[in-house]
Amino acid sequence: MTSSAGLAPVLWIAVALFSPACLAHGAHVHGVANVELVRERDSVQIQLTADGEGIVGFERAPRDAAEQAKVDAARSRLRQGPALFALPAAAGCRQVSSVAEVPHAGAAEAAGESDDRDHHHDDAKADGHADWKVSYVFRCVRGAAVDGVDLAGLFGAFPDITRAELQWITDDAQSGAELAPGRSRTALVVQ
Ligand SMILES: [Zn+2]
């Protein structure tokens, strides 16, 4: 009894470490975003992965100017990390970079985004699912004050995203949470 109880936390940590990869390679479900948050000292890195259906309503190359405009608007909005992921004000975090990987972006390079890099990939299959991936880096005055995150902004901006699987790691703990509109916040402490 005592030995198995002692073993359990180790197994649990192993499962938690492997679960992001499992999620990434699991069944593709529409409207579910995967969010990985890593807080290391005064730096917070967030990686968002979401399907095209949840972001713009389609998972193929834009067919006309209106769809292209929708993609461009979504990309611009996705790069505004602070509007999507609310970190505690006491931490004094600001976004220092955001990089968006937009499926099917191809030659349709948007103008006026010279402040940062956008990586565009043409390798998404025309008949397959295509994920949007956005990486954010925040620098904080007091990283230790980042004791929670709220995704209300993300759900508000993209109503077709109805669930988010969050995995988080801080300097001293790691866990995950399933978030949704109406319960969009989680504390970054092991409950
Ligand atoms: Zn899909």
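As shown above, the structure is provided for reference.
Residues numbered from 1 in each chain as written. Predicted model: local features only at pLDDT ≥ 70, side-chain atom pairs only at ≥ 80, totals over all residues.

## Considerations on the overall build of the protein chain
Rules: The helix count covers DSSP runs of H or I at least four residues long, the strand count covers runs of E at least two residues long, and both are numbered beginning at the N terminus. Exposure classification rests on a simple neighbour count of other C-beta atoms within 10 Å of a residue's own: a residue reaching 20 or more is buried, one at 12 or fewer is exposed, and one in between is partly exposed. C-beta atoms are placed from the backbone.
Helices and strands together make up the secondary structure of the protein chain, namely 5 helices and 9 strands. Its helices and strands taken in sequence order, the protein chain reads α-β-β-α-α-α-β-β-β-β-α-β-β-β from the N to the C terminus. Counting every position in the protein chain, which comprises 191 residues, the buried fraction comes to 30%.

## Brief notes about unusual backbone geometry
For Arg41, which is not glycine, the phi torsion reads 50° and is therefore positive. Inspection of the secondary structure puts Arg41 in the loop between β1 (32-40) and β2 (43-51). The exposure class of Arg41 is exposed, given the 11 C-beta atoms found within 10 Å.

## Section: the nonpolar core
If you look at soluble globular proteins, the nonpolar side chains tend to sit buried side by side. Note the following rule: Note on terminology: a nonpolar core is a set of buried residues of type Ala, Val, Leu, Ile, Met, Phe, Trp, Tyr or Cys, with members joined through C-beta atoms within 7 Å. Distance between backbone-placed C-beta atoms decides contact: two residues are in contact if it is within 7 Å.
Counting residues in hydrophobic clusters, the biggest one holds 38 residues, and the most contacted among them are Ala33, Val44, Leu87, Leu154 and Ala164. Of all elements in the fold, only β1, β2, α3 (65-78), β3 (93-103), β5 (131-140), α5 (152-157) and β7 (163-169) reach the threshold of two or more residues within this core. It is β5 that provides the largest number of residues to this core, a total of 5 residues. Discounting chain neighbours no more than four positions away, the residues touching Val44 are Leu37, Arg39, Leu87, Cys93, Phe138, Cys140, Gly143 and Val146.

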